[in-house]
Amino acid sequence: MRKTTISLIAALALPCAVALVGLPAAQAQSLVSTACGPTWTEQTVAGIGRLVDVTALSPTDAWAVGSGEGISDKPAAAHWDGSAWNLVHLPQPAHSDAADIRAISASGPDDVWAVGQYRHGLWFSFSEHWDGTSWTTVTTPSVPHDTMNLLNDVTAIAPDDAWAVGEHNLQGHLGDEHPDVEHWDGVSWTKVTVPTRPDSVALQVSASGPDDVSVLLYDHNVKPYVDRWNGTTWTLTRTDSHDKPANPIPSAIEALSPSDAWLAGSRMGNLPTQASPIAEHWDGAAWTRVHVPDANRADLPSGLAAVATNDVWMTGTRQLGAPGSTNSQAESWNWNGASWSFVSIPASHPGAALAAADALPTGEVWTVGTWFDDNGDTHGLIYQRCDT
């Protein structure tokens with residue numbers, strides 16, 4: 001039920017109703033897959049220009065979302081059927097001239113949510129739902145005049161239980177952000193009030209069940225904190241990184257149980273090419289920093305995915321050049337229940353940036369992102385591994 005969305009971390013590594021069945025050939029393409037094994041294997045995604053999130057239901061049912069190739073303002077998705085990825089163009093919100101999908105999550109094969117923002121003068125949040133047959137746009141709560149809002153992430157728990165998080169601010173009032181937390185009850189999305197700090201943004205949401213929901217936020221100083229829902233009340237918890245120096249930047253959260261959750265991010269160095277990965281663990285009472293191997297480069301984790309409590313994956317980007325350049329490569333780390341270790345990903349492209357990850361209890365792990373060709377054009381990127 002977890003997934004991750006493109007974040008502040010992933011952004012540092014980047015340069016500046018449709019049915020799945022019966023789509024025309026131009027809209028549905030079979031994307032060739034390779035056999036899954038105990039190492040990361042790339043799966044080329046034709047027709048996708050950028051992937052920002054992935055959610056997996058079973059070894060034969062997964063979704064990845066982003067934008068179409070050459071059309072960055074048009075949402076698109078790819079569906080995995082166990083042997084190939086099928087390209088799907090998502091519906092564009094009515095009256096919009098651009099749309100940006102940021103996250104996807106599923107509770108079942110007929111209950112999949114995607115969220116993001118669309119432009120109609122200003123930027124506004126929107127959501128889309130897959131019912132097993134087609135995608136449709138679902139209205140999200142309106143905002144006051146001259147207010148912009150967007151949704152950064154979503155987690156689906158059941159057909160009548162989903163959470164989406166994001167932010168809103170007055171047009172032109174940067175630094176005056178306010179978090180948005182919304183709940184789906186099976187009929188409509190409703191805004192929910194949570195404890196916050198001044199000028200905060202809700203970046204991520206993850207849930208292990210209806211009584212265990214975690215929202216990752218950061219304040220105007222980019223200090224991370226987590227709001228936790230126990231089914232009755234929200235409680236604000238301070239992360240271990242909140243009071244640490246060296247500019248910690250949060251990127252992802254993964255909830256496994258009320259006493260087991262992980263937070264990922266980076267600690268920025270003095271130079272643009274210096275950043276260290278951060279991992280924090282929640283034990284039911286407090287967040288504690290856990291050591292992650294550091295390559296003395298710009299290591300930028302952006303995705304978290306758990307196979308089990310002793311098998312957790314963190315994926316991201318190693319920035320080899322200055323921020324904004326395409327000199328980067330995909331990377332990952334694994335938690336084995338005792339320590340984190342670095343696990344290499346094949347450097348198949350000169351510029352690769354990962355944004356999100358998801359995993360199944362059966363051992364399948366996916367991570368998605370973007371790679372850049374010599375002309376600076378972007379292409380969707382998928383890696384998979386199966387530790388079964």
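Before reading on, note that the structure itself is shown above.
Residues numbered from 1 in each chain as written. Predicted model: local features only at pLDDT ≥ 70, side-chain atom pairs only at ≥ 80, totals over all residues. Heavy atoms only, no water.

Counting residues in hydrophobic clusters, the biggest one holds 17 residues, and the most contacted among them are Ile48, Leu51, Ala64, Trp85, Trp366, Val368 and Ile382. Counting only elements with at least two residues in this core, the list comes to β3 (48–58), β4 (61–68), β5 (71–80), β6 (84–89) and β28 (364–372). When sequence neighbours within four positions are dropped, the list of residues in contact with Ala64 reads Leu51, Asp53, Val54, Ala76, Ala77, Ala78, Trp85 and Val368. The next biggest cluster of nonpolar side chains, apart from the first, holds 16 residues, and it includes Val65, Leu90, Ile104 and Ala106. (Core = buried A, V, L, I, M, F, W, Y, C linked by side-chain atoms within 4.5 Å. Buried < 20%, exposed > 50% of the residue type's maximum accessible area, 1.4 Å probe, protein only. Helix = DSSP H or I, 4+ residues; strand = E, 2+ residues; numbered from the N terminus. Contact = heavy atoms within 4.5 Å.)

Most of strand β29 (residues 378–386) sits out of view: eight of its nine residues are buried. Bridge count for β28 against β29 is nine bridges, and the pairing is antiparallel. Looking at β29, one finds that Phe372 is bridged to Thr378. Counting the residues that bridge the hairpin from β28 to β29 gives five residues, and of these Gly376 lies at a positive phi of roughly 85°. (Pairing = 2+ DSSP bridges.)

To continue, consider the sheet that holds strand β13 (residues 178–184). By way of backbone hydrogen bonds, the strands of a sheet pair with one another, either parallel or antiparallel. Strand order in this open sheet of four strands is β11-β12-β13-β14, and the pairing throughout is antiparallel. Of all the strands in the sheet, just β11 (147–158) and β14 (189–191) have a single pairing partner and so form its edges. Sheet twist, expressed as the average angle between the axes of neighbouring strands with direction ignored, equals 25°. Relative to β13, strand β12 (residues 161–170) is paired through seven bridges, and the arrangement is antiparallel. (Axes fitted to C-alpha atoms, helices over the stretch in contact; angles between N-to-C directions.)

The next point concerns the pattern of salt bridges. Any two side chains of opposite charge can pair, given that their charged atoms come close. Inspection of every chain in the model, using the stated rule, returns 10 salt bridges. Between Arg102 and Asp100 there is a salt bridge, and its shortest N-O distance comes to 3.4 Å. Accessibility expressed as a relative area gives 17% for Arg102, which makes it buried. Given a relative accessible area of 15%, Asp100 falls into the buried group. Connected through shared salt-bridge partners, Arg50, Asp100 and Arg102 make up one network. (Salt bridge = Lys/Arg side-chain N within 4 Å of Asp/Glu carboxyl O.)

Our focus in this paragraph is the pairing of strand β24 (residues 311–319). When you tally the buried positions in β24, you get nine out of nine residues, the bulk of the element. When strand β23 (residues 298–308) meets β24, the two strands line up antiparallel, connected through nine bridges. By the bridge assignment, Gly303 is partnered in β24 with Thr315. Hairpin connection between β23 and β24: a loop of two residues separates the two successive antiparallel strands. Bridging between β24 and strand β25 (residues 328–335) involves eight bridges; their strand directions are antiparallel. Residue Val312 lies in a different strand from β25, and its bridge partner there is Trp335.

What follows deals with the state of the cysteines. Across all of its chains, the model carries one disulfide by this definition. Covalent S-S linkage joins Cys36 and Cys386, the inter-sulfur distance amounting to 1.8 Å. In this structure, the disulfide formed by Cys36 and Cys386 twists by about 110° around the S-S bond and is classed as right-handed. Taken together, the positions of Cys36 in the loop between β1 (30–32) and β2 (41–44) and Cys386 in strand β29 put the pair 350 residues apart, joining distant regions of the chain. You can call Cys36 partly exposed: its relative accessible area is 31%. (Disulfide = S-S within 2.5 Å.)

From the geometry alone we can't say anything about function, so treat these as descriptive.
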